[in-house]
Amino acid sequence: MRAEDLLTLEREERRKRLQWSVVIRYLVITIVTLLSWVGSQFGASFFLPGILFAVAMALGVNLAFSYLYSLKNIHLGWAYAGVLVDMLIITTIVHFTGGITSVFLPLYLLQIVGTNVHFSKLAGPLNFLVGTISFVGLYLLERQGWLLHYTPFDVAPDLHTNVAYVAATGITLVTLMAVSTYRSGYVVRSLQKLETELAKANEDLVKANRAYQLSNQRLKDLDRMKTEFISVASHQLRTPLSGIKWALKMLMDHDAGPITENQADLLKKSYQSNERMIALINDLLDVSRIEEGRFTYVFREQELTPLVVELVDEMRHLAQPKQVSIVYEDAAKHLPLVNLDAQKFRLALQNLIDNAVKYTPATGTVIIRTYEDRGSVVTSIQDTGVGIPAEQQNHVFTKFFRGDNVMRMQTEGTGLGLFIARSVVQQHKGRIWFESHEGRGTTFYILLPATRPAVADQQDHFTHFVQSY
Ligand code: ADP
């Protein structure tokens, strides 16, 4: 919050508090009018023209102040003028209702507490001073006979001349005014202190927030630059790696002349390392495309099973050397249609099956299932592998995560496959999750929302496809 805003707030607050004094004045007008009327009904002889004069004065003041307080900039001087006028009105009311014997003496207290709470630091002492002077002054003027003393109640017409009564009432009222001034002033000051501290804390918060936003923007810029750098570097690396791949392939195929067994073995190892490097570069490129929002999708409503059948068939050959068998249990099952970008979804599924094979020791099994579940199509990939350590499961979908257990096994990997898979599934408006027990195995699930049940002509195509499979 800027200092200017704080000032406006202060002005607004002051205006609100001053408007409250208008409300209190109306309250006093009502109380006085009502009590005077009720009193007269029960035999009190108030000097009604005097009371009406005081009430009219209060109404006039209220009208003037309501207008003043609605102005944009209220000069504090007006507020102090209000304090003086109010004391004058109260003293007038007290005068016409019996001076020191008036039932309206507590109005002095109301005035002190009321304005002290709703107005400013100086209002309390000012009220106290003016109140005491008015009250004592009125008494003295009436006593000297310079002002008429009204006796609304016949019960004790000489009460105002009784020293004990006058002393007790005078001391009590002045003491109460002093205590009220002090206590309400104390409360107001504590509140004001709190308010200032709060405004300051708020200002600090706004500053901290601005600094945070700046550094956040800077981090975003850096992140974007990093993604761009990876993207450019990966592109540059891909061409020479493809060159190396084909050169090695030619050498291995004896296109450049005969080679010894030893040389063939070395060439094979180089070829495999190069392939891993190409896979890494491809993953990095996919990740930077995802982060830059360039991983575009083309969706088509179709059945999922043919895609899984094809992929499993392809991957089964890769799993053979490891003696891990891949089983697709639901190859002949009919499923509702889903919206698919087949190429991207294949990539996600391939990553999951690849992981299942990679992290399952020899003679293990990977079971793939596809089934309908409450309007969705679920694919599960279950393995009997090493599992994911429980304490690391939270990080599984983050970039470059690799489990401690698989690192110890010295398996190859980039830690990017699941990040890519999750992004692809999310773009399909689906969900991906897993269950895993270390040493016992892992099951990954992908859920895709179904669009509608399989249609007839697609069923024919499907049956044909599965039969040929
Ligand atoms: P990569 O397999 O290249 O390391 P991924 O992002 O595909 O990267 O997987 C991240 C990590 O999650 C893996 O390194 C491994 O620790 C763990 N993981 C994923 N799938 C499995 C699985 N089927 N069994 C055990 N661990 C797995």
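One numbering rule holds for all chains: residues counted from 1, following each sequence as written. Per-residue local features of the predicted model are confined to residues with pLDDT of at least 70, and side-chain atom pairs are confined, for both listing and counting, to 80 or more; whole-chain, interface and lining totals are unaffected and use all residues.

**Student:** Mind laying out the site of the ligand, listing which residues take part and the relevant values?
**Tutor:** As a matter of local geometry, the ligand sits amid 22 residues, with Asn355, Gly403, Gly413, Gly417 and Leu418 nearest to it. To qualify as a helix, a DSSP run of H or I must reach at least 4 residues; to qualify as a strand, a run of E must reach at least 2; elements of each kind are numbered from the N terminus. Residue assignment for the shell around the ligand shows that the elements contributing at least two residues are α9 (342–358) and α11 (417–427). In terms of residue class, the shell around the ligand is made up of ten nonpolar, ten polar and two charged. Here, nearness means that the C-beta atom of a residue, built from backbone geometry, sits within 6 Å of the molecule or strand in question. All residues other than Ala, Val, Leu, Ile, Met, Phe, Trp, Tyr, Cys, Pro, Asp, Glu, Lys and Arg, Gly among them, are scored as polar; the first ten of these are nonpolar and the last four charged.

**Student:** Break down the nonpolar core for me, with residues and values.
**Tutor:** Counting 40 residues, the largest nonpolar core has Ala348, Leu352, Ile353, Val366, Ile420 and Ala421 as its most contacted members. Ignoring anything within four residues of it in the chain, the contact list for Ile353 reads Leu311, Met315, Ile326, Val366 and Ile381. Within the second largest apolar cluster, 29 residues are counted, among which are Phe46, Phe96, Leu105 and Leu138. Nonpolar cores are identified as sets of buried Ala, Val, Leu, Ile, Met, Phe, Trp, Tyr and Cys residues joined via C-beta atoms within 7 Å. To sort residues by exposure, count the other C-beta atoms lying within 10 Å of each residue's C-beta; 20 or more gives buried, 12 or fewer gives exposed, and values between give partly exposed, all with C-beta atoms placed from the backbone. Contacts here follow a simple rule: the backbone-placed C-beta atoms of the two residues must lie within 7 Å.

**Student:** Tell me about the environment of Leu284, and please be specific about residues and values.
**Tutor:** Positionally, Leu284 belongs in helix α7 (residues 261–292). A residue is classified by how many C-beta atoms lie within 10 Å of it, and Leu284, with 20 of them, is buried. Along the chain, Leu284 and Ala233 lie 51 residues apart, while their C-alpha atoms are 9.7 Å from each other. In this structure, Leu284 is in contact with Ile230 and Ser234, ignoring residues within four places of it in sequence.

**Student:** Talk me through helix α5 (residues 123–144); I want residue IDs and the actual numbers.
**Tutor:** Given a helix with a known number of residues, its expected span is that number minus one, times 1.5 Å. If you check α5, its first and last C-alpha atoms are 31 Å apart, about what 22 residues at 1.5 Å a residue would give, namely 32 Å. Among the residues of α5, those classed as buried are Ala123, Gly124, Leu126, Asn127, Phe128, Val130, Gly131, Phe135, Leu138 and Tyr139. Count one or two residues on from α5 and you reach Gly145, which has phi positive near 85°.

**Student:** A description of helix α8 (residues 305–319) should follow, citing residues and the corresponding values.
**Tutor:** If you check α8, its first and last C-alpha atoms are 20 Å apart, about what 15 residues at 1.5 Å a residue would give, namely 21 Å. For α8, the set of buried residues is Thr305, Val308, Val309 and Ala319.

**Student:** I'd like a description of the packing of helix α6 (residues 163–252) against α7, backed by residues and values.
**Tutor:** When two helices pack together, you describe them by how their axes are tilted relative to each other and by the distance separating the axes. Axis definition: a line fitted to C-alpha atoms, limited for helices to the stretch in contact. Angles are taken between N-to-C directions and run from 0 to 180 degrees. One way to put it is that α6 packs onto α7 with a least axis distance of 9 Å and a crossing angle of 155°. On the basis of the axis angle, α6 is roughly antiparallel to α7. Here α6 and α7 pass one another in a crossing that is left-handed. Partitioned by chemical class, the residues of the contact of α6 with α7 number 15 nonpolar, six polar and six charged. Should an angle fall under 35 degrees it is taken as roughly parallel, and over 145 as roughly antiparallel, whereas 65 to 115 is taken as roughly perpendicular and any remaining angle as oblique. For any pair of crossing helices, the crossing counts as left-handed if the nearer helix is rotated counterclockwise from the farther one by less than a right angle, and right-handed if it is rotated clockwise.

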